[in-house]
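Coordinates in review
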Amino acid sequence: MLFNSLHYLIFLPIVMGLYYLFPHRWRWLLLLVASYYFYMCWSADYAVKVEYALLLLVSTSVAYAAGLGIARTDDPRRKRIFLWSSISVLLGILFTFKYYNFVNDSLRSALAALEIPFAIPYSSLLLPIGISFYTFQKISCVVDVYHGQAKAEKHFGIFAVYSRFFPQLVAGPIERPRHLLHQFYERHEFSYENAIAGLKQILWGVFKKVVVADRVAILVQVVYADPRSHAGLPLLVATIFYAFQIYCDFSGYTDIALGSARLIGFDLMANFRQPYFSKSIPEFWRRWHISLSTWFKDYLYIPLGGNRVVKWRWYYNLFITFFISGLWHGANWKWGVWGALHGGYMVLDSFFGSGRDWLRGNLKTLFAQTAFDGFNIALTFALVTVAWIPFRAANQADAWYIFTHLFAGASHWLNLGTMAIQFRGLGLNSTEFLLAVIFIAVVVVYDVIDSRAGVWESLRARPMPVRWAVYYALLILVLFFGPYNQAQNFIYFQF
């Protein structure tokens, strides 16, 4: 079920109303049924829906049993058996559905180069939506219990709801047990303040997804569907637009998820904090997809040794963590390239970051420091945006073409006639292009205000007519400026 659908618009108020009507002791059951229903509505094939809901039940049962097994024994060897057995099963399920054909293809290509026959058949299994997210959430449960950072949940129903809580089931945030599990035991009473705050966050999320991301996606698709028909400025503009498309798409999903959870009294972790205002790549990863970046830090980077090792090993730990996080996004080497680029950025920052910080600290005036910060923000955005190219491109060949033709004809960009000819080839009229730019600017201004004082907090101090004018303006924009005839799935649904 899509967040930006009429189906969800009906589903959410029903769940919210029933949640507050149900006795507290049965609310977990309502949420469990609602979450399964939500998950089973992702496909048009009802037979497939049931099968993949059962797969979700199997993975939940494995994590639940492993957590109890670890908690009920004092034998370190048995604890390790429960830990690694459950992780192997959970990752095995993920591998079977997501990476089997990818590994099959890679082996086939490698062996073909050596003229060695390879005849293992391909799998025709459909990739379950959100499998990467809920697999990592279950692994974090088992690992946290093993390390004593969380208690094993004894109530299977509560654990099952935690494992598939519908607002964050298919695209995160990836919640830790110590943050979310206890909330299912808390008695949530209806709160007008929570309801208003949740609705505002949902409205803003829908605006970012429908009005900004889906509109920008039209231009991005024209260019990236056939990049060799374009060169220079169209490629550059489409790549910058994609940076805002994926941000508004994914952070919009997160806003709707957090707002939906808040309507029924739950607090989910923030997943984005104005990432494009980052002054370095490490800061970007403290602001972008926070639940995933902290997951890889806690469950891969630190176990590898983190930065408490010799330098070459530290660089290796940084690089391999980001490379694997790239492959987490999909079974294709292009995502590995994206992860490797960010891994390379992180290694370079370990060389030059201290020099950058020293230089800023020795600037004497506020203006110089502000200018220096602006330069670093622009540089970080440029590096992140360039890395989005292999992430968005259909294949590595297209990505390489875009890399090598991004600034083709740059000397003619100031020629308005040449620019007009290039933009006419994008399939957008000037009004559509201008609207896309304006809506992106709205998001940027929102993030500027939010990073300083908080948008909704600032708005609360305004007179009621001003507040409601803003709410109605957002609602009108959503209703009349979303390209509903070309609606897009959420990008991270594919992961």
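What you see is a predicted model, and the numbers here were worked out from it, not measured in a lab.

A short note on the overall build of the protein
A count of helical and extended segments in the protein gives 19 helices and zero strands. Here the C-alpha atoms of the protein give a radius of gyration of 24 Å, agreeing with the 23 Å that 2.2 N^0.38 yields for 495 residues. Principal axes of the C-alpha set define a box for the protein whose edges measure 70 × 70 × 55 Å. Considering only contacts in the protein between residues 6 or more positions apart, those separated by 24 or more positions represent 74%. Accessible surface computed for the protein: about 23600 Å², of which carbon and sulfur atoms make up 66%. The protein carries 41 positive and 27 negative side-chain charges, and their two centres are separated by 4 Å.

Digging into the packing of helix H8 (residues 192-225) against helix H19 (residues 464-481)
Look at H8 against H19: their axes get within 9 Å of each other, and the N-to-C directions meet at 35°. Crossing hand, H8 versus H19: left-handed. Counted together, Lys200, Leu203, Trp204, Val206, Phe207, Val210, Val211 and Arg215 of H8 and Tyr471, Leu474, Leu475, Leu477, Val478 and Phe481 of H19 form the full contact between these two elements. Tallied by class, the residues present in the contact of H8 with H19 amount to 12 nonpolar, no polar and two charged.

Thoughts on the packing of aromatic side chains
Each aromatic ring pair is specified by the distance between its two centres and by the angle formed by the two planes. The full count for this structure, using the stated rule, is 56 aromatic pairs. An angle of 50° between the planes, with centres 6.1 Å apart, marks the rings of Phe159 and Tyr162 as tilted. One end of the pair, Phe159, and the other, Tyr162, are both in helix H6 (residues 156-163), three residues apart, so they sit about a helical turn from each other. Pair check on accessibility: Phe159 and Tyr162 agree, each one buried.

What to know about the pattern of salt bridges
All told, the structure shown has 10 salt bridges when counted by the stated rule. The residue Asp249 makes a salt bridge to Lys209 at a minimum N-O spacing of 2.7 Å. Here Asp249 is found in helix H9 (residues 233-263), whereas its partner Lys209 is found in helix H8, with 40 residues between them in sequence. Arg356 serves as the salt-bridge partner of Asp349, at 2.7 Å between the closest nitrogen and oxygen. Salt bridges sharing partners connect three or more residues here, namely Lys209, Asp214 and Asp249.

Let's talk about the nonpolar core
Of all hydrophobic cores here, the largest spans 144 residues; its most connected members are Leu31, Phe165, Tyr276 and Trp388. The biggest single contributor to this core is H9, with 19 residues.

Concerning a nonpolar patch on the surface
A contiguous nonpolar surface patch, about 970 Å² in accessible area, is contributed by Leu6, Leu9, Ile10, Ile14, Leu18, Leu21, Phe22, Trp26, Leu29 and Val33. Elements with a contribution of two residues or more to the nonpolar patch: helix H1 (6-21) and helix H2 (27-40). No other element matches H1, which puts six residues into the nonpolar patch.

Some thoughts on the packing of H8 against H9
Contact pair H8 / H9: the axes reach a minimum separation of 7 Å and the direction vectors enclose 155°. Judged by the inter-axis angle, H8 sits roughly antiparallel to H9. Handedness of the H8/H9 crossing: left-handed.

Focus on the confidence of the model for the protein
This prediction gives the protein a mean pLDDT of 86; 92% of its residues lie at or above 70. Per-element confidence in the protein ranges from a low mean pLDDT of 55 for helix H16 (residues 416-424) to a high of 95 for helix H10 (residues 281-287). Segment residues 44-48 is flagged for pLDDT under 50; beyond a separation of four residues in sequence, or across chains, it makes three contacts in the model.

Some details on unusual backbone geometry
Look at Gln274: it is not a glycine, yet its phi comes out positive at around 45°. Mapped onto the secondary structure, Gln274 falls in the loop between H9 and H10. The residue His289 is not glycine, and still its phi comes out positive at about 45°. Residue position: His289 is located in the loop between H10 and helix H11 (290-301). The class for His289 is buried, based on a relative accessible area of 1%.

A few points about the side chain of Ser59
For Ser59, the location among the structural elements is in helix H3 (residues 46-71). Beyond its immediate stretch of four places on either side in the chain, Ser59 contacts Leu90, Ile93, Tyr134 and Lys138.

Notes on the environment of Tyr471
You can see Tyr471 is positioned in helix H19. With relative accessibility at 13%, the residue Tyr471 sits in the buried group. Apart from residues no more than four positions distant in its own chain, Tyr471 is found in contact with Lys200, Leu203, Trp456 and Leu459.

A short note on the environment of Trp204
Tracing the backbone shows Trp204 in helix H8. Spatially, the C-alpha atom of Trp204 lies 34 Å from that of Asp349, the residues being 145 residues apart in sequence.

Considerations on H6
Counted residue by residue, H6 has seven buried out of eight residues, so it is predominantly covered. Along H6, the residues that are buried comprise Gly157, Ile158, Phe159, Ala160, Val161, Tyr162 and Ser163.

Let's talk about the environment of Leu9
Relative to the assigned elements, Leu9 resides in helix H1. Relative accessible area serves as the criterion here: at 58%, Leu9 is assigned to the exposed category. Along the primary structure Leu9 and Ala399 are separated by 390 residues, whereas in three dimensions their C-alpha atoms are 38 Å apart.

So, how was this worked out
- Residues numbered from 1 in each chain as written.
- Predicted model: local features only at pLDDT ≥ 70, side-chain atom pairs only at ≥ 80, totals over all residues.
- Heavy atoms only, no water.
- Helix = DSSP H or I, 4+ residues; strand = E, 2+ residues; numbered from the N terminus.
- Rg over C-alpha atoms; globule rule 2.2 N^0.38 Å.
- Contact = heavy atoms within 4.5 Å.
- Areas by Shrake-Rupley, 256 points an atom, 1.4 Å probe, with all protein chains shown as cover.
- Lys, Arg positive; Asp, Glu negative; His and termini not counted.
- Charge placed at Lys NZ, Arg CZ, Asp CG, Glu CD.
- Axes fitted to C-alpha atoms, helices over the stretch in contact; angles between N-to-C directions.
- Left-handed = near helix turned anticlockwise from the far one by under 90°.
- Nonpolar A, V, L, I, M, F, W, Y, C, P; charged D, E, K, R; others polar.
- Phe/Tyr/Trp six-rings, centres within 6.5 Å; stacked < 30°, edge-to-face > 60°.
- Buried < 20%, exposed > 50% of the residue type's maximum accessible area, 1.4 Å probe, protein only.
- Salt bridge = Lys/Arg side-chain N within 4 Å of Asp/Glu carboxyl O.
- Core = buried A, V, L, I, M, F, W, Y, C linked by side-chain atoms within 4.5 Å.
- Patch = residues over 30% accessible without salt bridge, like charges linked within 9 Å, V, L, I, M, F, W, Y side chains within 5 Å.
- Parallel < 35°, antiparallel > 145°, perpendicular 65-115°, else oblique.
- pLDDT = per-residue confidence, 0-100.

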